[in-house]
Amino acid sequence: LHMDEKQLKAINSKASKKKFNDHVLNNNVDKVNKMCAKGLDPNFHCQDSHTGETPLSLAVGIKKNSSKMLITLVNGGAIVDFRSKTDGSTAMHRAVTKNSIEGLQTLLDLGASPNYKDLKGLSPLYYCVTNSSEVVICELLLHDRSAVGATDLQGWQEVHQACRNGLVAHL
């Protein structure tokens, strides 16, 4: 980019980031792509979100065609394993909790790790069985070598939670 410091500050202002998030949530791929091309860094924590989410974690919540937005964000510089501010979760954690098969598959294809743990030490696979996510989500995580054995504060692991929730297919 051929920009001075003042131009970079302007494109990365709070107002620009809010507009950027709106474009992400509205699945406006072209506008997100243009803002990234102008120098906006997509690795930031949303100010209006109490969870400190990232644009990438917001994008997995898009109901239809989230893969195009996720690819656009990563091509624009988003780090696939960038963590949210408050709980340390990644976009992979969000894809699991939002039951987004398309989002999860796209993140895995883009190189996201299925083994990053949040601040509580819990992996996306753990959230898969505690949120009763689709079986295919569990299969995708395990196929991409998701490690089994994340333990919560009570000493429960994924297997315990699957049994507790009656998720035979997940086991």
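Reference entry: report on the structure contained in this document. Computed from a prediction, not measured in an experiment: that's the story for all the values here. (Residues numbered from 1 in each chain as written. Predicted model: local features only at pLDDT ≥ 70, side-chain atom pairs only at ≥ 80, totals over all residues. Heavy atoms only, no water.)

Points about the overall build of the protein chain
Link 1 in the chain: On a plain count of helices and strands, the protein chain comes out with 10 helices and 0 strands.
Link 2 in the chain: Reading the protein chain from its N end, one meets helices and strands in the order α-α-α-α-α-α-α-α-α-α.
Link 3 in the chain: For a compact globule of 171 residues, the expected C-alpha radius of gyration is about 16 Å, and the protein chain comes in at 17 Å, within 12% of that figure.
Link 4 in the chain: Taking the principal axes of its C-alpha atoms as reference, the protein chain extends roughly 55 × 30 × 25 Å.
Link 5 in the chain: Taking all 171 residues of the protein chain together, 44% fall into the buried category. (Helix = DSSP H or I, 4+ residues; strand = E, 2+ residues; numbered from the N terminus. Rg over C-alpha atoms; globule rule 2.2 N^0.38 Å. Buried < 20%, exposed > 50% of the residue type's maximum accessible area, 1.4 Å probe, protein only.)

Regarding helix 9 (residues 135-143)
Link 1 in the chain: Within the span of helix 9, buried status applies to I137, C138, L140 and L141. Taken around the axis of helix 9, the buried residues stretch over an arc of 160 degrees, which confines them to a single face.
Link 2 in the chain: Following helix 9 by one or two positions, R145 has its phi on the positive side, about 65 degrees. (Arc of directions from axis to C-beta.)

Details of the packing of aromatic side chains
Link 1 in the chain: All chains considered together, the criterion is met by 2 aromatic pairs.
Link 2 in the chain: With a centroid separation of 6.4 Å and an interplanar angle of 90 degrees, the aromatic rings of Y126 and Y127 are classed as edge-to-face. The pair Y126 / Y127 is uniform in exposure class, with both members buried.
Link 3 in the chain: Its guanidinium or amino end placed over the ring of W156, R164 lies 4.9 Å from that ring's centre, counting from NZ or CZ. (Phe/Tyr/Trp six-rings, centres within 6.5 Å; stacked < 30°, edge-to-face > 60°. Lys NZ or Arg CZ within 6 Å of the ring centre and 35° of its normal.)

Points about the packing of helix 2 (residues 14-25) against helix 3 (residues 29-37)
Link 1 in the chain: Helix 3 packs onto helix 2 with a crossing angle of 145 degrees between their chain directions and a minimal axis gap of 8 Å. For the element pair helix 2 and helix 3, the recorded crossing hand is left-handed. Between helix 2 and helix 3, the residues in contact are S16, F20, H23 and V24 and K31, V32, M35 and C36, respectively.
Link 2 in the chain: For the contact of helix 2 with helix 3, a count of residues per class yields 5 nonpolar, 2 polar and 1 charged. (Axes fitted to C-alpha atoms, helices over the stretch in contact; angles between N-to-C directions. Left-handed = near helix turned anticlockwise from the far one by under 90°. Contact = heavy atoms within 4.5 Å. Nonpolar A, V, L, I, M, F, W, Y, C, P; charged D, E, K, R; others polar.)

Remarks on a positive patch on the surface
Link 1 in the chain: On the surface, K19, K31, K34 and K38 cluster together to form a positively charged patch.
Link 2 in the chain: Counting through the fold element by element, K34 comes out in helix 3.
Link 3 in the chain: The class for K34 is exposed, based on a relative accessible area of 56%. (Patch = residues over 30% accessible without salt bridge, like charges linked within 9 Å, V, L, I, M, F, W, Y side chains within 5 Å. Areas by Shrake-Rupley, 256 points an atom, 1.4 Å probe, with all protein chains shown as cover. Salt bridge = Lys/Arg side-chain N within 4 Å of Asp/Glu carboxyl O. Lys, Arg positive; Asp, Glu negative; His and termini not counted. Charge placed at Lys NZ, Arg CZ, Asp CG, Glu CD.)

Points about unusual backbone geometry
Link 1 in the chain: Phi is positive for N65, which is not a glycine, with a value near 60 degrees.
Link 2 in the chain: Within the element layout of this structure, N65 appears in the loop between helix 4 (55-59) and helix 5 (66-75).
Link 3 in the chain: Under the relative-accessibility criterion, N65 is labelled partly exposed at 38%.
Link 4 in the chain: Phi at S132 takes a positive value of approximately 50 degrees, unusual for a residue other than glycine.
Link 5 in the chain: Structurally, S132 can be placed in the loop between helix 8 (124-130) and helix 9.

What to know about the packing of helix 5 against helix 7 (residues 101-109)
Link 1 in the chain: For the pair helix 5 and helix 7, interaxial distance at closest approach is 9 Å and the crossing angle is 30 degrees. What the angle tells us is that helix 5 and helix 7 run roughly parallel. Here the hand of the crossing between helix 5 and helix 7 comes out right-handed. Each of S66, S67, L70 and I71 in helix 5 lies in contact with helix 7, whose residues at this interface are E102, G103, T106 and L107.
Link 2 in the chain: In the contact of helix 5 with helix 7, the residues fall into 3 nonpolar, 4 polar and 1 charged. (Parallel < 35°, antiparallel > 145°, perpendicular 65-115°, else oblique.)

What about the nonpolar core?
Link 1 in the chain: Judged by nonpolar contacts, the single largest core of 38 residues is most densely connected at F20, V24, L56, L73, L104, L107 and L141.
Link 2 in the chain: Going through the elements one at a time, helix 2, helix 3, helix 4, helix 5, helix 6 (91-97), helix 7, helix 8 and helix 9 are the ones with two or more residues in this core.
Link 3 in the chain: When near neighbours in sequence (up to four residues on either side) are disregarded, L73 contacts F20, V24, V32, P42, P55, L56, A59 and A78. (Core = buried A, V, L, I, M, F, W, Y, C linked by side-chain atoms within 4.5 Å.)

No statement about biological role is implied by the geometric values presented.
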